[in-house]
Amino acid sequence: MPEESNPLSGLWPLVPSDATDWLLELCGDGVTGFMPPAMPDSAWVLNAMYEHEQGPAEVSYHEYRQARLADGSIRPVGFAGIDLEVGVATGGGLGRAEHPGRGWRRLRWAELARRTGDPVVPDGLLPSHRCFPSANQEGQLAARHRPAHRGEPGP
């Protein structure tokens, strides 16, 4: 039997616990992650966002999802008896962004910014579904848009 049972250990070798001390010094407490201060040579890598050719533009994704739940065309999401249909559904997801399928096309943040006249990321905000206030319905992108996933860069 091999000594290491974790198949990922070859991809991400263990390092001493003090390897990230520089982040603690730079950013302070990192209980839920580190947000380094902006630096002149820093850049955001923005994940894939998609737009449907014929999707509804006048309602938010949350309103669209709630209507589909109400008419029974989709089932509520839950896990181990826990209702996950709480809060506001933004249409985004976690992890790797996959192409959503037929009728969807990649929408670059810069393209949506040109269309709306909004900045790609307004001052004081981090890249999120809250960007592009001119394209938003009640603080969210319209149902025809799928915001970027949180996780790794898209395709």
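One can find the structure itself at the top, above this paragraph.
About the thresholds
- Residues numbered from 1 in each chain as written.
- Predicted model: local features only at pLDDT ≥ 70, side-chain atom pairs only at ≥ 80, totals over all residues.
- Heavy atoms only, no water.
- Helix = DSSP H or I, 4+ residues; strand = E, 2+ residues; numbered from the N terminus.
- Buried < 20%, exposed > 50% of the residue type's maximum accessible area, 1.4 Å probe, protein only.
- Areas by Shrake-Rupley, 256 points an atom, 1.4 Å probe, with all protein chains shown as cover.
- Phe/Tyr/Trp six-rings, centres within 6.5 Å; stacked < 30°, edge-to-face > 60°.
- Arc of directions from axis to C-beta.
- Contact = heavy atoms within 4.5 Å.
- Core = buried A, V, L, I, M, F, W, Y, C linked by side-chain atoms within 4.5 Å.
- Lys, Arg positive; Asp, Glu negative; His and termini not counted.
- Salt bridge = Lys/Arg side-chain N within 4 Å of Asp/Glu carboxyl O.
- Polar contact = N/O pair within 3.5 Å; in protein donor to acceptor, adjacent residues only side chain to side chain.
- Patch = residues over 30% accessible without salt bridge, like charges linked within 9 Å, V, L, I, M, F, W, Y side chains within 5 Å.

1. Some details on the overall build of the protein chain
Part 1 of the argument: Within the protein chain one finds three helices and seven strands.
Part 2 of the argument: When the helices and strands of the protein chain are read in sequence order from the N terminus, they spell out α-β-α-β-β-β-α-β-β-β.
Part 3 of the argument: With 155 residues in all, the protein chain has 24% of them scored as buried.
Part 4 of the argument: Carbon and sulfur atoms make up 55% of the accessible area of the protein chain, which amounts to about 11300 Å² in all.

2. Quick notes on the packing of aromatic side chains
Part 1 of the argument: The tally for this structure, following the rule as stated, stands at one aromatic pair.
Part 2 of the argument: Ring centres of Trp109 and Phe132 lie 5.7 Å apart, and the angle between their planes is 50°; on these two criteria the pair is classed as tilted. Linking Trp109 in helix H3 (residues 109-116) with Phe132 in the loop between H3 and strand S5 (136-137), this pair joins segments that are 23 residues apart in sequence.
Part 3 of the argument: On the basis of relative accessible area, Trp109 is assigned to the buried category, the value being 9%.
Part 4 of the argument: Assessed through its relative accessible area of 1%, Phe132 is described here as buried.

3. So, helix H2 (residues 61-71)
Part 1 of the argument: For H2, the set of buried residues is Tyr61, His62, Arg65 and Leu69. With its buried residues spanning 95° around the axis, H2 presents them on a single face. Residues of H2 that are exposed and angled more than 90 degrees away from the buried face: Ala70 and Asp71.
Part 2 of the argument: Taken together, the buried residues of H2 touch strand S6 (140-141) and strand S7 (145-146).
Part 3 of the argument: Positive phi shows up at Gly72, right after H2, with a value of about 80°.

4. A short note on the nonpolar core
Part 1 of the argument: Membership of the largest hydrophobic core is limited to 10 residues, which are Met49, Leu107, Trp109, Leu112, Ala113, Cys131, Phe132, Ala135, Leu141 and Ala148.
Part 2 of the argument: At three residues, H3 tops the list of elements feeding residues into this core.
Part 3 of the argument: When sequence neighbours within four positions are dropped, the list of residues in contact with Met49 reads Arg105, Arg106, Leu107, Trp109, Leu112, Phe132, Leu141, Arg146, Pro147 and Ala148.

5. Side note on the side chain of Asp118
Part 1 of the argument: Position of Asp118 among the secondary structure elements: in the loop between H3 and S5.
Part 2 of the argument: An unpaired buried charge is present at Asp118: no salt bridge exists, and Arg115, the closest side chain of opposite charge, is 11 Å distant.
Part 3 of the argument: At 2.8 Å, the side chain of Asp118 and the backbone nitrogen of Ser134 are in polar contact.
Part 4 of the argument: Residues contacting Asp118, with those up to four places away along its chain left out, are Ala113, Phe132, Pro133, Ser134 and Ala135.

6. Things to note about a nonpolar patch on the surface
Part 1 of the argument: Taken together, the side chains of Val77, Phe79, Ile82 and Leu84 make up a nonpolar region of the molecular surface, amounting to roughly 410 Å² of accessible area.
Part 2 of the argument: Relative to the helices and strands, Leu84 resides in the loop between strand S3 (82-83) and strand S4 (104-106).

Coordinates in, geometry out; function isn't part of it.
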